[in-house]
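# Fold and geometry: a report
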Amino acid sequence: MAHEIKPNLKYTDDHEWALLEGDVLTFGITDFAQSSLGDIVFVEFPEIGSMLEKGNPCGVIESIKSVNDLFSPASGEVLEVNENVSDSPENINHNAFGSWLVKVKITNKSEFDQLMSANEYKIHCEKIS
Amino acid sequence: MELKKTSLYHEHIQLKAKMAPFAGFDMPLQYSSVKEEVFAVRRNCGMFDVSHMGEFFVTGKDALKFVDNFMTNDFINAGPNKAVYSPICRENGTVVDDHISYKINDQKILICVNASNMEKDWNWLSKNVGKFDCKLENKSDDYSLIALQGPKSDAILKKIHLLPAGDFPYYSVKESERNNYKYIISKTGYTGEDGVEIFCSHDLAKILWKEFLQEGVVPCGLASRDVLRLEVCFPLYGHELNDEVTPLDSALKWTVKMDKTNFIGKNALANYNPRYNLVKLSIEKGIPRAGYSILDSNNNNIGVVTSGGYSPILEKGIALAHIEKDKFPKNKIFKIQIRDKMYDTEYHLKPFVVGGHK
């Protein structure tokens, strides 16, 4: 089954998408990720104001069968989390790219630049599926 | 080691099931979505390939006596064509497995055991059959097993001529035949809903699976099966039951019949002081998982979640938990620790969901 990949976004190995506007990075999980997790029933976010480090666990996404860490695609301070997703986690299954999770004020733009392009991510997904 | 395949393996692949190893078999974990599969069973009809389970047959003069002796529940006095759920205990009262025995007749009994315990059960029962005049055979490789579960299962069975004639209440069993195919059908299951389990040849299993699909039955995997059994608080070996605990530690006193003349483990269980209470807890937000700690209102560690998960029907987290008996809180306040947070729980006296079985 082919999964949606948005051309204008950057991606991580852990199947997260990231969008940079100014120095604010918004991230969520990809369509591929939601599909492999199955029914998502719980999301635990980092605290607003906390400092995240690139690649470190910063939250949890739980499907009916599994508990999965959420990793930060870049380092920075948490500005906002998506409370709508917290109330209706199933929205991630319905629209993964429309369900952003966390907004971070990043400290080092090069961390974003190092993320995978849509094409690189597509190859990454093909390798593991 | 290469995983074993059930007779319906190719059907699962065709249906694009997510497969996973379970008890040495490559089994379907889920097809579409666990939630949809749970709803199908609660509201309409779902089917499970549970051919990995073990089927032993006991035949001969002492068949009834042998089975009644290895189970804690009462089998001798169960009526003809009845099925009985029971733990199987050691002399010291600990649980070898839990299972269902089916009284096809007084000299032919089907014993259905957990796949993950099949070898252990076989060794245990073989060791104990010697003093009885009956034959114990492992026919697990010859049988497929399909569980059809849900409020619409009776109507579907009737339509395709699988429902045996006459009265067929919950926990009964019959040998039957359709188009020269023999099968054993029982009003049992692991979901709390009305439904049957059909023990049959691999050929008939393939035929029935297709017929059920045509009737709109939703194929369901082991993931939804686990959610369904947890919602109605049925124990699962390896979670609520294991080699270290007795049935009295896991809310199964109703299956231990001390007025029976004898059964393996009776003496030990008569003098046993249970170590645990099994409690039912739910939380509004957050998913309890097996292994998480239970705390009292003073944050003392008092127990552990044995099974946990998300109930799609209740839309909240549900758990069964072992509470150490001497630490059982009088105020009945239980908290579950999930990662570094404590969650308040609701304490339930009744199962989370009441199945519709008749």
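My aim in this report is to walk through the structure given alongside it, one point at a time.

Criteria and thresholds
Within any chain, residue numbers begin from 1 and follow the written order of that chain's sequence. Chains and ligands are labelled by the order in which they are written, letters from A for the one and numbers from 1 for the other. Where totals are concerned, whole chains, interfaces and linings use all residues; where local detail is concerned, this predicted model gives features only for residues with pLDDT of at least 70, and gives and counts side-chain atom pairs only at 80 or more. The side-chain numbers reported here are obtained from all heavy atoms of the structure, hydrogens and water having been left aside. Criterion used throughout: strands pair if DSSP finds at least two bridges between them. For helices the rule is a DSSP run of H or I covering at least 4 residues; for strands it is a run of E covering at least 2, with both sets numbered from the N terminus onward. Every axis in this analysis is a line fitted to C-alpha atoms, fitted for helices over the stretch in contact. Angles between the N-to-C directions lie between 0 and 180 degrees. We call a set of buried Ala, Val, Leu, Ile, Met, Phe, Trp, Tyr and Cys residues a nonpolar core when their side-chain atoms join them within 4.5 Å. Under the scheme applied here, a residue whose accessible area is under 20% of the maximum for its type counts as buried, over 50% as exposed, and between as partly exposed, the area being computed with a 1.4 Å probe on protein chains only. Whether two residues touch is decided by their heavy atoms; if any such pair falls within 4.5 Å, the residues are in contact.

## Some details on the sheet that holds strand β6 (residues 57-63) of chain A
Each strand in a sheet pairs with its neighbour through backbone hydrogen bonds, running either in the same direction (parallel) or in the opposite one (antiparallel). All names here are of chain A. Spatially, the 3 strands line up as an open sheet ordered β4-β6-β7, and their pairing is antiparallel. In this open sheet, the two strands that pair with only one neighbour each are β4 (40-44) and β7 (67-71). Neighbour-to-neighbour, the strand axes of this sheet turn through a mean angle of 25°, independent of strand direction. Here β6 runs beside β7; their pairing, made up of 5 bridges, is antiparallel. Within the sheet, the bridge partner assigned to G59 lies in β7 and is L70.

## Examining the sheet that holds strand β4 (residues 54-59) of chain B
All names here are of chain B. Strand order in this open sheet of 5 strands is β5-β6-β7-β4-β8, and the pairing throughout is antiparallel. In this open sheet, the two strands that pair with only one neighbour each are β5 (83-89) and β8 (135-138). Pairs of neighbouring strands in the sheet enclose a mean axial angle of 25°, with direction left out of account. Both β4 and β8 contribute to a ladder of 4 bridges, which runs antiparallel.

## A short note on the pairing of strand β11 (residues 181-186) of chain B
Along any regular strand, the residues point their side chains to alternate faces of the sheet. Residues and elements named next belong to chain B. Sheet topology note: the strand β10 (residues 173-178)/β11 ladder contains 6 bridges and is antiparallel. Paired with R178 across the bridge in β11 is Y181. Here β10 folds back onto β11 in antiparallel fashion, the turn holding 2 residues, of which N179 has a positive phi close to 45°.

## A few points about the nonpolar core
Membership of the largest hydrophobic core comes to 53 residues, with the highest contact counts inside it found for Y102, I184, F199, I294 and I336 of chain B. Per-element accounting of this core gives the leading share, 4 residues, to strand β6 (residues 95-105) of chain B. With residues up to four places along the chain from it excluded, the contact list for F199 of chain B reads E55, Y102, L110, C112, Y143, S144, L145, Y183, I184 and S186 of chain B. Listed in part, the 25 residues of the second largest apolar core include A18, I40, C58 and V102 of chain A.

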